[in-house]
Amino acid sequence: MASWWKNAVVYQVYPKSFQDSNGDGIGDLQGIISRLDYLEKLGIDAIWLSPVYQSPGVDNGYDISDYEAIDPQYGTMADMDELISKAKEHHIKIVMDLVVNHTSDQHKWFVEAKKGKDNQYRDYYIWRDPVDEHEPNDLKSAFSGSAWKYDERSGQYYLHFFADQQPDLNWQNTELRQKIYNMMNFWLDKGIGGFRMDVIELIGKDPDKNIRENGPMLHPYLQEMNKATFGKRDVMTVGETWNATPKIAEEYSDPDRHELSMVFQFENQSLDQQPGKEKWDLKPLDLGELKKVLVKWQTKIDFDHAWNSLFWENHDIPRVISRWGNDQEYRVQCAKMFAIILHMMHGTPYIFNGEEIGMTNCPVKNIDEVEDIESINMYNERLAEGYDEEELIHAINVKGRDNARRPMQWNDEKNAGFSEVDPWLSVNPNYKDINVENALADPNSIFYTYQKLIKLRHENPIVVDGDFSLVSNTQDAVLAYYRILNDKKWLVVANLSNEEQNFVSNDQIETILSNYPERNNVQNITLKPYEAFISKVIE
Ligand code: TEU
Ligand code: CA
């Protein structure tokens, strides 16, 4: 079967922040439907829809209480069916978020399981007796504190790698696995385009051996899932894997192993983090290290027998131009540069909503302005440990998840055209300048760079299948590479920095796309801050 997802560009919609259609300050399914024309104009092939299932919303929908129901704040199952079919008319597939490492504590399985040790759902979750009247071991939650929560009624602890309202499912239970596969088939039968799999690397966990990610049963479970659900369907699957190496990414995506289409890897997320510490413990950025990681993931994957994703942003990480670029005087140039280098690499690119207009981080002054559970828990824990408040707010402004979750900026009207009422999370004040309406009206906008990049991929097999080859004799802040397919050769050159950089090559070129005036030679040139271009190498 031809793999459509190798030629595709996927657009992530964070539903709560995309478009409110009924004036309650919360984005919803009808809102997304109303923006399909816009997404078709951009040219994307699929939407990855962050969770819209029934949920108490402790972690914005990543705590699911019913996998086969739509949360009323987003609409109804009829709206969901309408989104799938209307998107299809716009040549867009809907990729659902599959969150099966854990459920909400309000899911009926957990409500039952809590009733007692002999409840038929008890073993769907992970329960352990106290050890010396304490937690069974030192496993930590990603959202601060222990991963074990004491349950008074039974005198046992349950495992939660995220919030305590997100109990971990016990994948060792065969019946539970079957229920999940049935649920996946329920969605596949609706004609969805596939699944993005939340923290899928955790499902092989073995808490007694302190194993979180990459447990021994991870790949067997995925092979079993593949066979029971999507294996024979023409859909894409992408696993979220914070701890993948190129070798592990190949294991997931080698078609002969019948697991997933590709994974997300996050190696560049730790480049601003002190070794062995947490994401909040910042260290200065080094463009050379960023380049190294980018190149590593292009060269250490065998794309003939594996595949991978390409992305800068999602709902858990800061805006790329704020983190790695300059979101002030060079905002437009650097946004286009990041777009160019990513979309010309080998793999399937993802765009996070707002990235295509260069939306930026949005700093807060006070913890009261923060919505995200991860930031709030970290703040409370560290404040109690004696950390400096200002330092904590700074870390939240640099790395906090609310940065990327601000409402989509559609125009310069009230609430950026996102909602008629005050949104659940306030809009970034820069919406007066940075918005979709302005971007569409300006032929030089970031939006049109993304549109052209998508078109280049769709029209040129070299972008999809060309080999990647690094131009190695450059400075750290310059990333230059070839894509090569048969007798065709493209050269991509980018200055990752805000200073001029030198670049030397013997190639004769013709520019295909650039973020500064076109170059007609690369003999010995001075690249402008964040300059980037794609060119055809001619004999
Ligand atoms: O993210 C997994 C995950 O590991 C993140 O929580 C990560 O640790 C953090 O965001 C970055 O520091 C997925 C979802 O994408 C995230 O939104 C959920 O909160 C989480 O799983 C639990 O479902
Ligand atoms: Ca709404």
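The rules behind the values
- Residues numbered from 1 in each chain as written.
- Chains lettered and ligands numbered in written order.
- Predicted model: local features only at pLDDT ≥ 70, side-chain atom pairs only at ≥ 80, totals over all residues.
- Heavy atoms only, no water.
- Helix = DSSP H or I, 4+ residues; strand = E, 2+ residues; numbered from the N terminus.
- Rg over C-alpha atoms; globule rule 2.2 N^0.38 Å.
- Buried < 20%, exposed > 50% of the residue type's maximum accessible area, 1.4 Å probe, protein only.
- Contact = heavy atoms within 4.5 Å.
- Areas by Shrake-Rupley, 256 points an atom, 1.4 Å probe, with all protein chains shown as cover.
- Donors = N, O, S within 2.8 Å, 3.2 Å for Na, K, Ca; no water.
- Near = heavy atom within 4 Å.
- Polar contact = N/O pair within 3.5 Å; in protein donor to acceptor, adjacent residues only side chain to side chain.
- 1 Å grid on protein atoms, 1.4 Å probe; cavity = no way out; pocket = protein on both sides within 12 Å on 5 of 7 lines; lining within 4 Å.
- Sits in = over half its atoms within 2 Å of the grid points.
- Nonpolar A, V, L, I, M, F, W, Y, C, P; charged D, E, K, R; others polar.
- Salt bridge = Lys/Arg side-chain N within 4 Å of Asp/Glu carboxyl O.
- UniProt positions renumbered as here; feature names shortened; annotations may be inferred.
- Pairing = 2+ DSSP bridges.
- Points joined across faces, edges and corners; volume = space filled by probe spheres on them.
- Lys, Arg positive; Asp, Glu negative; His and termini not counted.

**Notes on the overall build of the protein**
Helices and strands together make up the secondary structure of the protein, namely 16 helices and 20 strands. For the protein, whose C-alpha radius of gyration is 23 Å, the value lies close to the compact-globule estimate of 24 Å for 539 residues. C-alpha atoms of the protein, sized along the principal axes, occupy 75 × 50 × 45 Å. The proportion of buried residues among the 539 residues of the protein is 60%. The contacts in the protein between residues at least 6 apart in sequence include a share of 68% that link residues at least 24 apart. Accessible surface, the protein as shown: approximately 21600 Å² in total, 44% of it carbon and sulfur.

**Some points on the coordination of the calcium ion (ligand 2)**
Distances from the calcium ion (ligand 2) to its protein donors, Asp20 (OD), Asn22 (OD1), Asp24 (OD), Ile26 (O) and Asp28 (OD), fall at 2.2 to 2.3 Å. All donor residues of the calcium ion (ligand 2) come from one chain, and their arrangement in sequence is D-x1-N-x1-D-x1-I-x1-D. For the pair isoleucine 26 and aspartate 28, one class covers both residues: buried.

**Notes on the site of ligand 1**
Taken together, 16 residues lie near ligand 1, and Asp59, Asp198, Lys279, Asp316 and Glu374 sit nearest. One nitrogen or oxygen atom from the side chain of aspartate 316 is found 2.5 Å from an oxygen atom belonging to ligand 1. Burial of ligand 1 by the surrounding chains reaches 93%, relative to a free accessible area of 490 Å². At a threshold of 2 Å from the grid points, most atoms of ligand 1 map onto the largest pocket. Considered class by class, the residues forming the shell around ligand 1 number five nonpolar, two polar and nine charged.

**A word on unusual backbone geometry**
Here histidine 91, not a glycine, exhibits a phi torsion of approximately 65°, which is positive. Note on placement: histidine 91 falls in the loop between helix H3 (77–89) and strand S5 (93–98). Owing to a relative accessible area of 60%, histidine 91 belongs among the exposed residues under this scheme.

**Here we look at the pattern of salt bridges**
Close approach of charged atoms lets side chains of opposite charge pair. The tally for this structure, following the rule as stated, stands at 31 salt bridges. Here lysine 399 makes a salt bridge to aspartate 272, at a shortest N to O gap of 2.9 Å. Of the two residues, lysine 399 sits in helix H12 (residues 389–399) while aspartate 272 sits in the loop between strand S11 (262–264) and helix H8 (287–299), which places them 127 residues apart along the sequence. With respect to class, lysine 399 is no different from aspartate 272; both count as buried. Here lysine 279 ties to glutamate 374 by a salt bridge, and the two come within 2.8 Å at their closest N and O atoms.

**What to know about the UniProt feature "domain: Glycosyl hydrolase family 13 catalytic" (unreviewed entry) in the protein**
According to UniProt, the positions carrying the feature "domain: Glycosyl hydrolase family 13 catalytic" (unreviewed entry) are residues 12–405. Secondary structure over residues 12–405 splits into 31% helix and 12% strand, and the C-alpha atoms at its two ends are 12 Å apart.

**Notes on the sheet that holds strand S7 (residues 148–151)**
Within a sheet, adjacent strands bond to each other through the backbone by hydrogen bonds, running parallel or antiparallel. Pairing within the open sheet is antiparallel, and its three strands lie in the order S6-S8-S7. A single partner strand is all that each edge strand has here, and the edge strands are strand S6 (127–128) and S7. As judged from the two bridges shared by S6 and strand S8 (residues 156–159), these two strands associate in the antiparallel manner. Residue pairing in the sheet places arginine 128 in a bridge with tyrosine 157 of S8.

**Remarks on the UniProt feature "binding site: Ca(2+)" (unreviewed entry) in the protein**
UniProt's entry tags Asp20, Asn22, Asp24, Ile26 and Asp28 with the feature "binding site: Ca(2+)" (unreviewed entry), counted in the numbering of this structure. According to the relative accessible area criterion, aspartate 20 is buried, its value standing at 7%. Among all residues touching aspartate 20, those that are not within four sequence positions of it are Gly25, Ile26, Gly27, Asp28, Phe418 and Ser419. Looking at aspartate 20, its side chain comes within polar contact range of the main-chain nitrogen of asparagine 22, at 3.1 Å. Relative to the assigned elements, aspartate 28 resides in the loop between strand S1 (10–13) and helix H1 (29–34). Taking relative accessible area as the criterion, aspartate 28 reaches 3% and is therefore assigned buried. Contact partners of aspartate 28, with chain neighbours within four places excluded, come to Pro15, Gln19, Asp20, Ser21, Asn22, Gln73 and Tyr74.

**Describing the layout of surface pockets**
In this model, the largest pocket occupies a volume close to 1200 Å³. In terms of residues, the lining of the largest pocket owes the most to one element, helix H11 (residues 373–384), which gives three residues. Counted by class, the lining of the largest pocket contains 14 nonpolar, 11 polar and 18 charged residues. By volume, the second largest pocket is sized at about 480 Å³. Residues that form the lining of the second largest pocket fall into these classes: 10 nonpolar, eight polar and six charged.

**Looking at the environment of isoleucine 367**
Within the element layout of this structure, isoleucine 367 appears in the loop between strand S13 (348–352) and H11. Here the alpha-carbon distance between isoleucine 367 and tyrosine 379, two residues 12 residues apart in the chain, equals 8.0 Å. Excluding residues within four positions of it along the chain, isoleucine 367 makes contact with Ile376, Tyr379, Ile393 and Ile396.

**Quick look at the side chain of aspartate 327**
Take aspartate 327: it is sitting in the loop between helix H9 (320–323) and helix H10 (331–343). Arginine 331 is the oppositely charged side chain nearest to the buried, salt-bridge-free aspartate 327, at an N-O distance of 7.8 Å. Within the local environment of aspartate 327, its side chain forms a polar contact with the side chain of serine 322, the two groups lying 2.7 Å apart. Within polar-contact distance, the side chain of aspartate 327 engages the side chain of glutamine 328 at 3.0 Å.

**Focus: empty space enclosed by the protein**
Scanning all chains against the criterion turns up six cavities of 30 Å³ or more. The space that makes up the largest cavity amounts to roughly 160 Å³. Around the largest cavity, the lining comprises 15 residues; the ones closest to its centre are Gln265, Leu294, Trp297, Ser309 and Leu310. Examining the composition of the lining of the largest cavity, we find that four residues originate from one element, H8, more than from any other. Split by residue class, the lining of the largest cavity holds nine nonpolar, six polar and no charged. Across the lining of the second largest cavity, the residue classes break down as five nonpolar, two polar and three charged.

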